[in-house]
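Chain residues, written in single-letter form:
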Amino acid sequence: IAVGRLHYPETAERVLAEGKADFIAIGRGLLSDPEWVNKVQGGRTDELVPCIGCHEGCLWQMIAGEPTSCSLNPSCGHETDRPIIALKKKRSLLIVGGGPAGIEAARVGAQRGFDVTLWEASGRLGGNLWPASKPQFKRDIADYVKYLEGLVCRLPIAVVLNKQACAGDVKSFGADHVILATGARMEPPPFEGSNVLSVIQVLNGMEPKGERILIMGGGVIGCETGVYLARMGRQVTLCARQDSDELDMDTVDHNNRFMLLKIIKDAGIRVMRATIPVGLENGGVVADQKGVQKKISMDSLVFAGRMFPDNDLGKSLGDMPNMISIGDCVKSGTIMDAVWGGFQAVREIAQ
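Residues numbered from 1 in each chain as written. Predicted model: local features only at pLDDT ≥ 70, side-chain atom pairs only at ≥ 80, totals over all residues. Heavy atoms only, no water.

Two measures define how a pair of helices packs: the angle their axes make with one another and the distance between the axes. Between helix 5 (residues 100-112) and helix 7 (residues 139-154), the shortest axis-to-axis distance is 11 Å and the interhelical angle comes to 35°. Relative to helix 7, the crossing made by helix 5 is left-handed. For the pair helix 5 and helix 7, the contacting residues are Pro-100, Ile-103 and Arg-107 in the first and Tyr-144, Leu-148, Leu-151 and Val-152 in the second. When grouped by side-chain class, the residues that make up the contact of helix 5 with helix 7 number six nonpolar, no polar and one charged. (Axes fitted to C-alpha atoms, helices over the stretch in contact; angles between N-to-C directions. Helix = DSSP H or I, 4+ residues; strand = E, 2+ residues; numbered from the N terminus. Left-handed = near helix turned anticlockwise from the far one by under 90°. Contact = heavy atoms within 4.5 Å. Nonpolar A, V, L, I, M, F, W, Y, C, P; charged D, E, K, R; others polar.)

We now examine the packing of helix 5 against helix 13 (residues 335-347). Interaxial distance between helix 5 and helix 13 falls to 7 Å at its minimum, and their mutual angle equals 30°. With respect to their mutual orientation, helix 5 and helix 13 come out roughly parallel. Pair helix 5 / helix 13 crosses with right-handed handedness. Of the residues in helix 13, those touching helix 5 at Pro-100, Ala-101, Glu-104, Ala-105, Arg-107, Val-108, Gly-109 and Arg-112 are Ala-338, Val-339, Gly-342, Phe-343, Val-346 and Arg-347. For the contact of helix 5 with helix 13, the class distribution of residues is eight nonpolar, two polar and four charged. (Parallel < 35°, antiparallel > 145°, perpendicular 65-115°, else oblique.)

The next thing to look at is the side chain of Ser-32. In this fold, Ser-32 is placed in helix 2 (residues 28-32). Among the residues examined, Ser-32 registers a relative accessible area of 2% and is labelled buried. The residues contacting Ser-32, other than those within four sequence positions of it, are Val-49, Pro-50, Cys-51, Cys-70 and Asn-73. (Buried < 20%, exposed > 50% of the residue type's maximum accessible area, 1.4 Å probe, protein only.)

Here the focus is the sheet that holds strand 9 (residues 212-216). As summarised here, the arrangement of the five strands in space is 8-15-9-10-11, forming an open sheet in which the pairing is parallel. Of all strands in the sheet, those bounded by a partner on one side alone are strand 8 (196-198) and strand 11 (270-272). Pairs of neighbouring strands in the sheet enclose a mean axial angle of 25°, with direction left out of account. Two strands pair when backbone bridges link them, and strand 10 (residues 235-239) and strand 11 are joined in this way by three bridges, in the parallel orientation. Within strand 11, the position partnered with Cys-239 by the bridge is Met-272. (Pairing = 2+ DSSP bridges.)

All right, on to helix 11 (residues 254-266) then. Here helix 11 is 13 residues long and its end C-alpha atoms lie 18 Å apart, about the 18 Å a rise of 1.5 Å per residue gives. Within helix 11, burial applies to Arg-257, Leu-260, Leu-261, Ile-263 and Ile-264. The buried residues of helix 11 all sit within an arc of 160° when viewed along its axis, so they share a single face. Seen from the buried face of helix 11, the exposed residues on the opposite side, beyond 90 degrees, are Lys-265 and Asp-266. Check the buried side of helix 11 and you find it contacts helix 10 (220-230) and strand 11. Count one or two residues on from helix 11 and you reach Gly-268, which has phi positive near 75°. (Expected span 1.5 Å × (residues − 1). Arc of directions from axis to C-beta.)

It is worth spelling out the pattern of salt bridges at this point. Overall, the coordinates contain 20 salt bridges when judged by the stated rule. Residue Lys-290 pairs with Asp-243 through a salt bridge whose shortest N-O separation is 2.9 Å. Linking Lys-290 in the loop between strand 13 (284-289) and strand 14 (292-297) with Asp-243 in the loop between strand 10 and helix 11, this pair joins segments that are 47 residues apart in sequence. Residue Lys-290 is classed as exposed on the basis of its relative accessible area of 61%. Between Arg-347 and Glu-348 there is a salt bridge; the shortest N-O distance is 3.9 Å. Exposure remark for Arg-347: the relative accessible area of 17% places this residue in the buried category. Judged by its relative accessible area of 53%, Glu-348 falls in the exposed class. (Salt bridge = Lys/Arg side-chain N within 4 Å of Asp/Glu carboxyl O.)

The following block contains the structure:
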């Protein structure tokens with residue numbers, strides 16, 4: 001019996017076909033989707049809720065003394081204390097924002113019997129999951145994006161893309177309940193220049209100039225973007241503000257953190273700890289390293305800054321009744337924070 005990340009149907013089938021195991025055991029994949037076997041057997045693999053390997057809903061919930069659950073399936077382990085109850089009377093629900101929080105809110109709203117409308121400012125659903133899924137080793141997040149796109153197509157909801165909502169739009173729409181899930185945006189780079197980009201811009205497809213790339217920021221997104229560029233053949237230097245062996249990563253799970261550190265090392269990325277770029281000079285960056293000024297040669301600087309809630313719409317609506325803000329537009333967090341926030345917000349609306 002083989003076990004361990006075998007919830008990818010094609011992988012599980014290949015293990016059996018090649019005689020490497022007689023049986024396949026699935027753990028986390030059944031937490032994210034308890035219908036895994038039925039969906040695979042029925043040829044509905046596109047409907048599988050993927051396990052993204054974060055360990056936040058399963059392992060770390062268990063360590064915290066909570067029921068083992070799943071970041072993408074908040075009902076797991078909470079089937080009796082988090083029921084999704086049908087409405088007694090049909091009502092309308094407007095959701096602004098098509099990221100993981102907004103789509104989960106739409107899913108629960110449709111299941112409860114709301115007339116659901118979802119507005120998304122861009123031309124695609126998924127929000128910041130798109131740049132998050134760009135690195136070659138982020139297949140699980142890419143699978144999640146595909147799942148969400150398919151889910152929305154199957155849900156009985158009205159989706160409007162390229163809808164940049166303002167307060168007047170929301171008020172005139174006249175929904176009984178409004179969910180704001182407008183996400184987060186990265187702070188702007190501290191320097192301006194034709195060779196300065198943010199990691200969001202790079203992961204969304206903009207190419208940094210030249211071969212020598214300096215990543216400013218040693219958090220998770222800076223590290224992942226550094227590996228992404230290094231695997232494309234770029235020479236990457238990573239400047240981390242803090243002086244620690246594990247960089248500035250705030251990854252919840254130790255296993256994922258250690259693996260990312262190994263990937264950084266294997267990619268040949270130069271890591272400069274306790275190093276803060278303070279200015280641009282021709283052909284390089286001036287950085288402060290423990291009080292000493294030094295110049296780092298580079299062709300482009302890629303800024304990995306902090307993510308801040310984007311809740312301008314919520315502020316403009318003020319204390320509008322029956323309105324709830326969820327996900328990153330309240331506090332920048334994890335996928336689990338976004339999904340569980342959307343789930344609870346709509347589940348708890350009175351019948």
